[in-house]
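Next come the chains, spelled out residue by residue.
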Amino acid sequence: MIIGLAGKSCSGKNYVGKLLEAMGLLVWDMDVMCHDGLYENLDAVVSAFGPQVVSEVDGKVVVSRPEIGKVVFRDPSKRTELEGILYPWLKDKVLTWKAQNPDGVLVINGALLYRSGFDALCDAVIYVDASYEVRLQRVLCRDSISQEAFDRREASQTDVDYRAVNYRAPLYLVTNNGCNLDELNRQVFSICDKLGIIRY
């Protein structure tokens, strides 16, 4: 079984991912996986973004995501090109895992689950929902960014909200508008029970 885990910035999605991992489930973070994918697709990345995105530190090749970000900022079409390198590679990873683990459970933690098309690979999507006001307060307390920066991030995630897009897998909603952890855990455990996932 493949489960997608989605939610907007500061919704509590990563907490739910850690909870599922603590229950014994395998959780792949799309951001982390795609970072690894930069190295596994190094030639294609350099061809697309230029040699300035790669350097050598202590004898190891390092891909600079800030440098890639500068290229994408100058030419937004480069984001699509980068996704065209990383998403098919990650999709192959997911499908290979599924073929090798037909009775296993894999959780794909990714805010861009819908945009990347990975929701179509899922048997279910757990969506962690929280209001704009609650998420804004969390980011102002937790991160050193301004409301304007948060709003820019929010504007880039219009295709994340389940109210704006139709996820291509059964959707299970977790509401996290300031509820305590016991209540949040209860919601997640209830979904796992409905999906027939054994909790360790």
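Calculation notes
- Per chain, residue numbering runs from 1 following the sequence as it is written.
- The model is predicted, so local features are restricted to residues of pLDDT at least 70 and side-chain atom pairs to those at 80 or more, both for listing and for counting; the totals for chains, interfaces and linings are taken over all residues.
- The basis for the side-chain values is all heavy atoms of the structure; hydrogens and waters are excluded.
- Segments assigned H or I by DSSP are reported as helices when at least four residues long, segments assigned E as strands when at least two residues long, and all are numbered from the N terminus.
- Radius of gyration here is computed from C-alpha atoms only, and the compact-globule reference equals 2.2 Å multiplied by the residue count raised to the power 0.38.
- Buried residues are those whose accessible area, probed at 1.4 Å on protein chains only, stays under 20% of the maximum for their type, while exposed residues exceed 50% and partly exposed ones sit between those limits.
- It only takes one pair of heavy atoms within 4.5 Å for two residues to be counted as in contact.
- Computed by Shrake-Rupley with a 1.4 Å probe, the accessible areas treat only the displayed protein chains as cover when residues are assessed.
- A residue counts as positive if it is Lys or Arg and as negative if it is Asp or Glu; His and the chain ends are not included.
- Where a charge lies is defined by one atom per residue type, namely NZ (Lys), CZ (Arg), CG (Asp) and CD (Glu).
- Nonpolar cores were defined as sets of buried Ala, Val, Leu, Ile, Met, Phe, Trp, Tyr and Cys residues, with membership established by side-chain atoms within 4.5 Å.
- To be clear, the arc concerns the directions from the helix axis to the C-beta atoms.
- A strand pair is defined by DSSP finding two or more bridges across the two strands.
- Each axis is a line fitted through C-alpha atoms, taken for helices only over the stretch in contact, and angles between the N-to-C directions span 0 to 180 degrees.
- By disulfide we mean two sulfur atoms from cysteines, separated by a distance within 2.5 Å.

### Quick notes on the overall build of the protein
Broken down by element type, the protein carries nine helices and seven strands. Taken against the 2.2 N^0.38 rule, which gives 16 Å for 200 residues, the C-alpha radius of gyration of the protein at 18 Å falls within 12% of a compact globule. Principal axes of the C-alpha set define a box for the protein whose edges measure 50 × 45 × 35 Å. In the protein, which comprises 200 residues, the share counted as buried stands at 43%. Taking all contacts inside the protein whose residues are at least 6 apart in sequence as the whole, residues at least 24 apart take part in 72%. For the protein, the accessible area works out to roughly 10,700 Å², and carbon and sulfur atoms hold 52% of it. Each charge sign in the protein was given a centre, from 23 positive and 27 negative side chains, and these centres are 2 Å apart.

### Here we look at the nonpolar core
Grouped together as the largest cluster of nonpolar side chains are 35 residues, with contacts concentrated most on Phe49, Ile68, Val94, Ile108, Leu113, Phe118 and Tyr167. At the level of secondary structure, the elements contributing two or more residues to this core comprise β1 (2-6), α2 (30-40), α3 (42-49), α4 (65-74), α5 (77-100), β5 (106-109) and β6 (124-129). At eight residues, the largest contribution of residues to this core is made by α5. Discounting residues that sit within four places of it in the chain, Tyr167 has contacts with Ala6, Leu113, Tyr114, Asp119, Val125, Tyr127, Asp159, Val160, Asp161 and Tyr162. In this structure, Leu25, Val27, Val128 and Ile191 belong to the second largest nonpolar core, which totals 20 residues.

### Thoughts on α3
Note on helix geometry: an α-helix contains 3.6 residues per turn, so any two residues three or four positions apart are oriented the same way. Here α3 has its buried residues at Val45, Ala48 and Phe49. The arc that holds every buried residue of α3, seen down its axis, measures 80°, which confines them to one face. Exposed side chains of α3 directed beyond 90 degrees from the buried face belong to Asp43 and Ser47. As for α3, its buried residues are in contact with α2, α4 and α5. Phi turns positive one or two residues past the end of α3, at Gly50, with a value near 95°.

### Re the environment of Lys18
Positionally, Lys18 belongs in helix α1 (residues 13-22). As for Lys18 and Leu106, which are separated by 88 residues in sequence, their C-alpha atoms are 13 Å apart.

### A word on the sheet that holds β1
Backbone-to-backbone hydrogen bonds pair the strands of a sheet. The strands run either parallel or antiparallel. Strand order in the open sheet formed by five strands is β2-β5-β1-β6-β7, with parallel pairing between adjacent strands. In the strand order of this sheet, the two ends are held by β2 (26-29) and β7 (171-175), each with one partner. Across the sheet, the mean angle separating the axes of adjacent strands is 20° when strand polarity is ignored. Summarising the sheet, β2 and β5 pair through four bridges and their orientation is parallel. Paired with Trp28 across the strands is Ile108, a residue of β5. Of the strands in this sheet, β2 and β5 are in contact with α2, which crosses β2 at around 65°. Running at roughly 165° to β7, helix α9 (residues 181-195) makes contact with β1, β6 and β7 of the sheet.

### With respect to the state of the cysteines
If you walk through the whole model with that rule in mind, you get zero disulfides. Cys192 carries a free sulfur, and the closest cysteine sulfur to it, the one in Cys122, is 14 Å from it. When its relative accessible area of 0% is taken as the criterion, Cys192 is described as buried.

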